[in-house]
Number of protein chains: 2
Amino acid sequence: MPDLVTLANIRAAQERLAGVAVHTPLLPCIWAPGDGDLLLKPESLQPIGAFKIRGAYNKIAALTAQERERGLVASSSGNHAQAVAYAARLFGARATIVIPDAAPQHKVAATKALGADVVLVPPAERDVAARQLVKEHGQILVPPYDDPEIIAGQGTVGAEIADDIAAAGLPAADLVLVPVSGGGLISGVATAIKSLSPSTRVVGVEPELAGDAAESFAGGQRVEWTPEQTYRTIADGLRTTSVGVHPWEHIQAHVDDIITVSEDQIRAAMQVLAVRANVVAEPSGAAATAAYMFAREQLPPAATTVAVVSGGNVDPALLADVLGQHY
Amino acid sequence: MPDLVTLANIRAAQERLAGVAVHTPLLPCIWAPGDGDLLLKPESLQPIGAFKIRGAYNKIAALTAQERERGLVASSSGNHAQAVAYAARLFGARATIVIPDAAPQHKVAATKALGADVVLVPPAERDVAARQLVKEHGQILVPPYDDPEIIAGQGTVGAEIADDIAAAGLPAADLVLVPVSGGGLISGVATAIKSLSPSTRVVGVEPELAGDAAESFAGGQRVEWTPEQTYRTIADGLRTTSVGVHPWEHIQAHVDDIITVSEDQIRAAMQVLAVRANVVAEPSGAAATAAYMFAREQLPPAATTVAVVSGGNVDPALLADVLGQHY
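Residues numbered from 1 in each chain as written. Chains lettered and ligands numbered in written order. Predicted model: local features only at pLDDT ≥ 70, side-chain atom pairs only at ≥ 80, totals over all residues. Heavy atoms only, no water.

Right, let's talk about the packing of aromatic side chains for a bit. All names here are of chain A. Counted under the stated rule, the structure contains two aromatic pairs over all chains. For the pair Y57 and F91, a centre-to-centre distance of 5.1 Å together with 25° between the ring planes defines the contact as stacked. With Y57 in helix α2 (residues 52–62) and F91 in the loop between α4 (79–90) and β4 (95–100), this residue pair connects regions lying 34 residues apart in the sequence. The class of F91 is partly exposed, set by a relative accessible area of 29%. Residue placement shows R68 over the ring face of F91; its charged tip is 4.3 Å from the ring centre. (Phe/Tyr/Trp six-rings, centres within 6.5 Å; stacked < 30°, edge-to-face > 60°. Helix = DSSP H or I, 4+ residues; strand = E, 2+ residues; numbered from the N terminus. Buried < 20%, exposed > 50% of the residue type's maximum accessible area, 1.4 Å probe, protein only. Lys NZ or Arg CZ within 6 Å of the ring centre and 35° of its normal.)

Here we come to the domain arrangement of chain A. Residue and element names in this part refer to chain A. Domain annotation for chain A reports domain 1 (7–50 + 147–323) and domain 2 (53–141). A separation of 23 Å is found between the C-alpha centroids of domain 1 and domain 2. Both faces considered, domain 1 and domain 2 share a buried interface measuring about 2100 Å² in area, 59% of it formed by carbon and sulfur atoms. The tally of links from domain 1 across to domain 2 stands at three salt bridges. Taking the shortest distance from any N to any O, the salt bridge between R54 and E43 comes out at 2.7 Å. At the surface where domain 1 touches domain 2, the tally comes to 10 residue pairs in polar contact (both at pLDDT 80 or more). (Domains from an automatic or database assignment. Buried area = accessible area lost by both parts, 1.4 Å probe. Salt bridge = Lys/Arg side-chain N within 4 Å of Asp/Glu carboxyl O. Polar contact = N/O pair within 3.5 Å; in protein donor to acceptor, adjacent residues only side chain to side chain.)

What follows covers the sheet that holds strand β5 (residues 117–121) of chain A. Residue and element names in this part refer to chain A. The sheet built from four strands is open, its strands ordered β5-β4-β3-β6 with parallel pairing. Each end of this open sheet is capped by a strand with a single partner; those strands are β5 and β6 (140–141). Pairing analysis gives four bridges linking strand β3 (residues 72–75) to β4, with the strands arranged parallel. Bridge pairing in β4 places A74 opposite I97. (Pairing = 2+ DSSP bridges.)

Here it is, written out as structure tokens:
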């Protein structure tokens, strides 16, 4: 069983991330329905448009200069790709990114624009292809979630939430909602929240169509879905087929529940976030808000809920479509 | 000549606004073109979706409890309306808002949802109608810009910009771009910036189709346009026909220039803000970013530019349309 990340690891990540990641504000939602206040944590405002910069930069910063000179490699559906490309550029290191060929074109283009080399492969081969690069060229793998430094970096989201609520003199949030894919974000957030604000519940949110983590949590055993299953969801950032080994340990130790939302609930939350909160969220980024809005019966009662808007890198055509629908 | 607002007035406003207005972050734009960094100040993330909450709340907080009990009245194209409605609600005071009947329906609905009484009038009659309410019912007018407490409240935007840049150990910004309508925002921002960061230039941005302030600045004399002229612009928050008396004094004392941008430049900036920065901006809110992107030849050279995104309360259909265009 791997060691769990601690608050000290997260505080060290916070020091490294100063001036790189944005300390995103908590946004009060005065338009939210009456039964419990909603605060948004808009990680969509990060330099690469998602929280992933936190973990990737923290991991790369923790390497030695010699390791960084060997070059970095990552396998990602998009946001982690941009995060590694951008963090590598900040260190003057070379990055090669393996991207599933089903990923949205705008995410591929954004990764290339950040100076990374991009290799497109079928979804099922992404991890193999990345390991091949490590083996053949000695590059350093920056994993998307199954790594203590990645988890510690993502955990800075949770530390900021708890710190900002305490600094404002507000009572602790009752509930923090976090989207779940490989589990790096929720592992870090839950570690920070349970250290700094023990009364706060941390609940993960997944699409029904990629509900492997919810099934794992309910059964107490880590299960794996197929890419054919998880690629059905519109939430392209949440299509990982299983949570990682390290995240699974953190989830079992710190997370209170994992629930699911439907595709229409995700779309409706994207619309509400854009129209009422002026926040552009990608489908994955809207999942936690969807849970607050539509899955109340699955959640513990909460006077104050924080929803992490994990990213905003959405195809403009999809956003335009969502804006024009009636949900 | 009215007294100018001071940094001390702005600091007092900051104290009042703690816990009410969001301290919005400065967002680095790694996608911005190479000649000079861009930082966004996303006031679109405020509780009512625009900076106006700062001035309105500061003004109402500075009244006596007896004055607030008489009820508040405001005349506004939308965002100031929501700001007064929301601030009044926080104090348990009653608000009556006079709105031009040409204002977007979603802004009228949002104002009513905040518990205010709404009176719709033709654009030319808005100020007369508001004064009538004051005269007949003894209500207190909360002006949208022509008032020292309003200017001091909006000035907290500038104080946050200068403070955050200094706290991050970054060199002073060379340029701060601010949209101009009645002039309250730029008056406050310029006052704060010139006090805290004297080397920074402050430049106002207006739509060409509502360019009264640019014409006033160029000629050294406050001119007035007609509503028929200013209502041509898509930027419904920038249709004021003249800057206010107090703002004009502040603009002459502290502002370095006022320039204009075209309607297409505003639309293109809205698209870029949504797609690259994940920030929903209304047309008025995109004007300063449009100047950075398309009016470089009118601006002083700048290694770092801050663009104030003043608000995000845009008709969803317009945002969807802008997302689908090629600019």
